[in-house]
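Descriptive structure summary
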Amino acid sequence: MTTLNVTSETDRRIRLRDGRWLAYAEYGDPAGKPLVYAHGTPGSRLCRYPDESIALSLGARIIVPDRPGYGLSDFQPRRKLLDWPDDLVQLADALEIDRFAIYGFSGGGAYALACARRIPHRLTVVALINCHCPLGIPRSTSGMIWVNRLGFILAARVPWPIWSLITWLYFRNAHRDAGRFTERMAGRLPKCDREVFAQPGLREMLTENCREAFRAGTRGYAKDQAVIARSWDFRFEDINMKVHVWHGEENTRAPLRMGEYFASAIPDCEARFVSGEGHYIIWNLRRWKEILALLVS
């Protein structure tokens, strides 16, 4: 039986049937339409648009769970993409939510699609914002910045113990020095993304999110990246609900080719390719309002 443990708006947990804790946060209108956000990689329940008034004005209740190993959620060894929908069903049941929208950003898109495949009867809308597609797709990493490309290649090909060690060596100080990590990430972005990063409160939120993502160490990120980088355990042609895609044409972290693949491979897909914008359109005020309006419609 799933049990609910409430401490604060951003520090809530449920006990799952297998004994793991799943942590989550809520933002926006508590009585609004429920939306689940599948955060990026790395990420945590503290990832949200800094101006909460937009969600409040549109009547959106945004629920952000920590995936296993991030933040306050317990690590889950040997997990697959299709394990995640069951965790979300247990969370929705604990919150007495029948149906909800789901949107994924970057690495979170794989988990949003897993929900579209496994639990379409519990979903109202599915949206992917600048998400990574399976790496086996030809030219999927063409145009991706070298550090991201290298990370995906290593996550896909090296044995778990070695990959786990690599991520520990690279990210071991991210929890203690999250601000420096965020600044280093921003420095690798194209101009359009750097302009988005200049918005009030965004870097502070992303620093807080990074610190929380690595609260329990690096295993959560290592497993998350490996799950996304390796073969996905479902087929796109078996997704039987509409999926909305937003993808920036100047994206250097999840290149345009990935958005184009989603548009061609998902049977019922409505894609928006946004010129002059990069990876972080989810934090662009205009785009955020568009995305949120669709999710609550």
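Up top is the structure.
I will try to describe carefully the structure that is included in this document.

Parameters at a glance
- Residues numbered from 1 in each chain as written.
- Predicted model: local features only at pLDDT ≥ 70, side-chain atom pairs only at ≥ 80, totals over all residues.
- Heavy atoms only, no water.
- Buried < 20%, exposed > 50% of the residue type's maximum accessible area, 1.4 Å probe, protein only.
- Helix = DSSP H or I, 4+ residues; strand = E, 2+ residues; numbered from the N terminus.
- Pairing = 2+ DSSP bridges.
- 1 Å grid on protein atoms, 1.4 Å probe; cavity = no way out; pocket = protein on both sides within 12 Å on 5 of 7 lines; lining within 4 Å.
- Points joined across faces, edges and corners; volume = space filled by probe spheres on them.
- Axes fitted to C-alpha atoms, helices over the stretch in contact; angles between N-to-C directions.
- Parallel < 35°, antiparallel > 145°, perpendicular 65-115°, else oblique.
- Contact = heavy atoms within 4.5 Å.
- Nonpolar A, V, L, I, M, F, W, Y, C, P; charged D, E, K, R; others polar.
- Polar contact = N/O pair within 3.5 Å; in protein donor to acceptor, adjacent residues only side chain to side chain.
- Salt bridge = Lys/Arg side-chain N within 4 Å of Asp/Glu carboxyl O.
- Phe/Tyr/Trp six-rings, centres within 6.5 Å; stacked < 30°, edge-to-face > 60°.
- Lys NZ or Arg CZ within 6 Å of the ring centre and 35° of its normal.
- Patch = residues over 30% accessible without salt bridge, like charges linked within 9 Å, V, L, I, M, F, W, Y side chains within 5 Å.
- Areas by Shrake-Rupley, 256 points an atom, 1.4 Å probe, with all protein chains shown as cover.

1. A closer look at the pairing of strand β4 (residues 33-38)
Regular strands place their side chains on alternate faces of the sheet. With 5 of its 6 residues buried, β4 lies for the most part within the structure. Relative to strand β5 (residues 60-65), β4 runs parallel, the two sharing 4 bridges. In the sheet register, Lys33 faces β5, and the bridge partner there is Ala60. Strand direction decides the pairing type here: β4 and strand β6 (residues 100-105), joined by 4 bridges, are parallel. Looking at β6, one finds that Tyr37 is bridged to Tyr103.

2. A few points about the layout of surface pockets
One way to see where empty space is left: roll a probe the size of a water molecule over the atoms. For the largest pocket, the calculated volume is near 770 Å³. Considering the residues around the largest pocket, the lining is formed by 38 residues, among which Thr41, Pro42, Phe171, Tyr221 and Arg253 are closest to the centre. Every element with two or more residues in the lining of the largest pocket is listed here: α4 (146-157), α5 (160-171), α6 (178-187), α8 (202-213) and α9 (219-229). In terms of residues, the lining of the largest pocket owes the most to one element, α4, which gives 7 residues.

3. Things to note about the packing of helix α2 (residues 84-94) against helix α3 (residues 109-118)
Where α2 contacts α3, the two axes come as close as 8 Å, and the packing angle between them is 80°. The orientation of α2 relative to α3 falls into the category roughly perpendicular. Taking contact as the criterion, the partners of Trp84, Pro85 and Leu88 in α2 are, on α3, Tyr111, Ala114, Cys115 and Arg118. A class-by-class count of the residues in the contact of α2 with α3 yields 6 nonpolar, no polar and 1 charged.

4. Considering the environment of Thr41
Relative to the elements of secondary structure, Thr41 occurs in the loop between β4 and α1 (53-57). Each C-alpha atom of the pair Thr41 and Ser106 lies 7.0 Å from the other, and the pair is 65 residues apart in sequence. Beyond its immediate chain neighbours, meaning those up to four positions away, Thr41 contacts Arg67, Tyr70, Gly107, Gly108, Tyr221, Asp224, Gln225 and Ile228. At a separation of 3.3 Å, a polar atom in the side chain of Thr41 contacts the side chain of Arg67. Within the structure, the side chain of Thr41 is placed 3.0 Å from the side chain of Asp224, a separation counted as a polar contact.

5. As for unusual backbone geometry
Omega for the bond connecting Thr41 with Pro42 falls within 30 degrees of zero, at 0°, which places this linkage in the cis form. Turning to its location among the elements, Pro42 is positioned in the loop between β4 and α1. With a phi close to 60°, Arg78 is a non-glycine residue in the positive phi region. The exposure class assigned to Arg78 is exposed, which follows from its relative accessible area of 70%. If you check the backbone angles, Ser106 has positive phi at about 55° while not being a glycine. Note that Ser106 resides in the loop between β6 and α3.

6. Considerations on the pattern of salt bridges
Inspection of the entire model under this criterion finds 19 salt bridges. A salt bridge links Arg235 to Glu237; its shortest N-O distance comes to 3.5 Å. Given a relative accessible area of 49%, Glu237 falls into the partly exposed group. Members of the salt-bridge network, linked through shared partners, are Arg45, Asp66, Glu212 and Arg215.

7. Regarding the packing of aromatic side chains
For the coordinates displayed, the defined rule picks out 17 aromatic pairs. With a centroid separation of 6.5 Å and 35° between ring planes, the pair formed by Tyr49 and Trp283 is classed as tilted. Of the two residues, Tyr49 sits in the loop between β4 and α1 while Trp283 sits in the loop between β9 (269-274) and α11 (285-296), which places them 234 residues apart along the sequence. By relative accessible area, which is 2% here, Trp283 ends up buried. Seen in terms of ring centroids, Trp232 and Phe234 are 5.9 Å apart; in terms of plane orientation they differ by 40°. Their pairing is tilted. Exposure class is identical for Trp232 and Phe234. Each is buried. An aromatic cluster of at least three residues, connected via ring pairs, comprises Tyr37, Tyr49, Tyr103, Phe105, Phe197, Tyr280, Trp283 and Trp288. In this structure, Arg272 is placed above the aromatic ring of Trp246, and the distance from its NZ or CZ to the ring centre is 4.3 Å.

8. Details of a nonpolar patch on the surface
Together, Leu165, Trp168 and Leu169 make up an exposed nonpolar region whose accessible area comes to about 310 Å². As for its position among the elements, Leu165 is in helix α5.

9. With respect to the environment of Val36
Along the chain, the position of Val36 falls in strand β4. Separated by 26 residues in the primary sequence, Val36 and Ile62 place their C-alpha atoms 5.9 Å from one another. Val36 has contacts with Ile63, Pro65, Leu88, Phe100, Ala101, Ile102 and Tyr103, leaving out every residue within four places of it along the chain.

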